[in-house]
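What the coordinates show
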Amino acid sequence: MPIKAAVMTGPEQAIELWQLDDPKLEPGSILLETVASEVCGTDVHIYHGRLAGVPYPIIPGHISVGRVLETRGVEADSMGTPLAPGDLVTFYDVHETCHACYFCTVAGQPNRCPSRRVYGITYSAHDGPLGGWAERIYLKPGVQTLKLPEPLTADDVIGGGCGLFTGFAAVERSDLGMGDTVLVQGTGPVGLSAIAFSALRGAATVVTIGDPAARLELASAFGADVTMSLSDVPPDERDTMIRDLTNGRGVDVALECAGNPAAIPEGFKLLRDGGTYVIAGHYTDVGEATINPHIDINRKHADVRGRWGLDFSHCYRALRLLAKHHDMLPFARVIGGRYSLDEAGEALADVEALAVTKAIIAPSPR
Ligand SMILES: [Zn+2]
Ligand SMILES: [Zn+2]
């Protein structure tokens with residue numbers, strides 16, 4: 001039976017519905033029936049052509065949850081949990097890193113491996129159903145899978161999507177200390193995840209700056225102690241509030257999860273001397289920011305760190321915590337819209353307009 005897929009044919013081109021042939025299953029491969037895939041900010045940027053190396057036409061949807069339809073000799077997920085048809089799994093979208101190049105072996109940076117491919121981003125739709133905006137997803141041999149731990153549902157995971165894992169990775173990259181005051185810039189899925197994992201890791205105070213109001217309410221539900229509206233609270237008042245909270249010093253850790261260059265100068269300004277600033281929200285090139293190297297970095301002894309993409313380890317460990325603390329990470333509540341494949345263009349537009357915090361593509365809507 002052909003596979004229906006929503007295809008992004010090129011930057012700014014209308015999403016098309018294609019019929020793809022069922023893939024021939026190679027030994028070690030898995031065929032999933034897509035339960036839910038995400039529409040994230042990165043998909044909006046890819047739609048506008050802001051990520052280099054995207055081989056349009058593509059089937060978007062890098063983080064997805066599917067039900068195992070059949071496998072060719074795969075009896076367990078990548079961590080050894082038994083896997084059978086009907087099980088819900090998610091998978092690490094990055095694939096085909098070579099484990100042999102300089103970046104894989106010497107630098108320990110597989111995300112910079114030139115062989116690296118990513119489901120939903122760097123595979124052409126001509127290569128097969130290798131993105132989540134399709135009725136079925138073909139997991140090539142070697143794709144790293146995780147069976148969803150109890151009691152997680154597809155919505156619990158896809159409500160956060162890649163943001164769930166990116167927020168986790170950003171908090172870890174910061175080496176946040178117990179009792180620290182943390183600023184999370186941005187209240188999209190990455191920011192919400194960073195808020196919750198900061199609280200779980202032991203932050204004494206989590207402050208967030210974001211918009212719109214509905215996302216600030218979610219931020220509180222995810223554990224933010226103080227929320228400030230980007231549009232309603234002017235920058236000088238945000239500065240005053242942070243100084244008041246920190247005896248004038250600024251925050252110990254700032255996590256940029258906004259994906260907007262305008263956040264960067266403010267993040268530096270609100271960081272205390274010797275604090276750590278993690279830039280995690282800029283997966284694509286959305287432009288430049290101006291900082292003052294002397295004031296913002298040098299004199300401040302700022303520790304500035306980048307976090308782009310994920311390791312499989314982030315997915316595995318974030319899911320374990322999500323399963324244990326899913327009441328603190330209520331991602332199913334973040335889903336603002338459920339779209340069929342025919343409605344993928346609408347989903348993109350709604351995410352771009354911030355009409356929904358997380359849009360999901362459910363090829364067979366319930
Ligand atoms: Zn490599
Ligand atoms: Zn994403």
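Look up a bit, the structure's there.
The paragraphs below set out a description of the structure included in this document. (Residues numbered from 1 in each chain as written. Chains lettered and ligands numbered in written order. Predicted model: local features only at pLDDT ≥ 70, side-chain atom pairs only at ≥ 80, totals over all residues. Heavy atoms only, no water.)

The next thing to look at is the nonpolar core. Grouped together as the largest cluster of nonpolar side chains are 80 residues, with contacts concentrated most on Trp 133, Phe 222 and Leu 255. In terms of residue count, the dominant contributor to this core is helix H4 (residues 161–174) (seven residues). When sequence neighbours within four positions are dropped, the list of residues in contact with Phe 222 reads Leu 192, Ile 195, Ala 196, Met 328, Leu 329, Pro 330, Phe 331 and Val 334. Of all hydrophobic cores here, the second largest spans 16 residues; its members include Leu 32, Phe 91, Tyr 119 and Leu 130. (Core = buried A, V, L, I, M, F, W, Y, C linked by side-chain atoms within 4.5 Å. Buried < 20%, exposed > 50% of the residue type's maximum accessible area, 1.4 Å probe, protein only. Helix = DSSP H or I, 4+ residues; strand = E, 2+ residues; numbered from the N terminus. Contact = heavy atoms within 4.5 Å.)

Take the pattern of salt bridges next. Within this structure, the stated rule accounts for 17 salt bridges. With a closest N to O distance of 3.7 Å, Lys 140 and Glu 96 form a salt bridge. Here Lys 140, found in the loop between strand S8 (136–139) and strand S9 (145–147), pairs with Glu 96, found in the loop between strand S6 (94–95) and helix H2 (102–105); they are 44 residues apart in sequence, far enough to count as distant. (Salt bridge = Lys/Arg side-chain N within 4 Å of Asp/Glu carboxyl O.)

Taken together, Tyr 102, Phe 103 and Val 106 make up a surface patch of nonpolar side chains, about 320 Å² in accessible area. Position of Phe 103 relative to the elements: it lies in helix H2. (Patch = residues over 30% accessible without salt bridge, like charges linked within 9 Å, V, L, I, M, F, W, Y side chains within 5 Å. Areas by Shrake-Rupley, 256 points an atom, 1.4 Å probe, with all protein chains shown as cover.)

Turning to the coordination of the zinc ion (ligand 2), a few remarks are in order. Around a metal, the perfect tetrahedron of four donors has angles of 109.5 degrees, and the perfect octahedron of six donors has angles of 90 or 180 degrees. Looking at the zinc ion (ligand 2), the protein donor atoms are Cys 40 (SG), His 62 (NE2) and Cys 162 (SG), and they sit 1.9 to 2.2 Å from it. Written as a sequence motif, the donor residues of the zinc ion (ligand 2) are C-x21-H-x99-C. Remark: Cys 162 occurs in helix H4 and His 62 occurs in the loop between helix H1 (41–47) and strand S4 (64–71); sequence separation between them is 100 residues. Here the two residues His 62 and Cys 162 agree in accessibility, since each one is buried. (Donors = N, O, S within 2.8 Å, 3.2 Å for Na, K, Ca; no water.)

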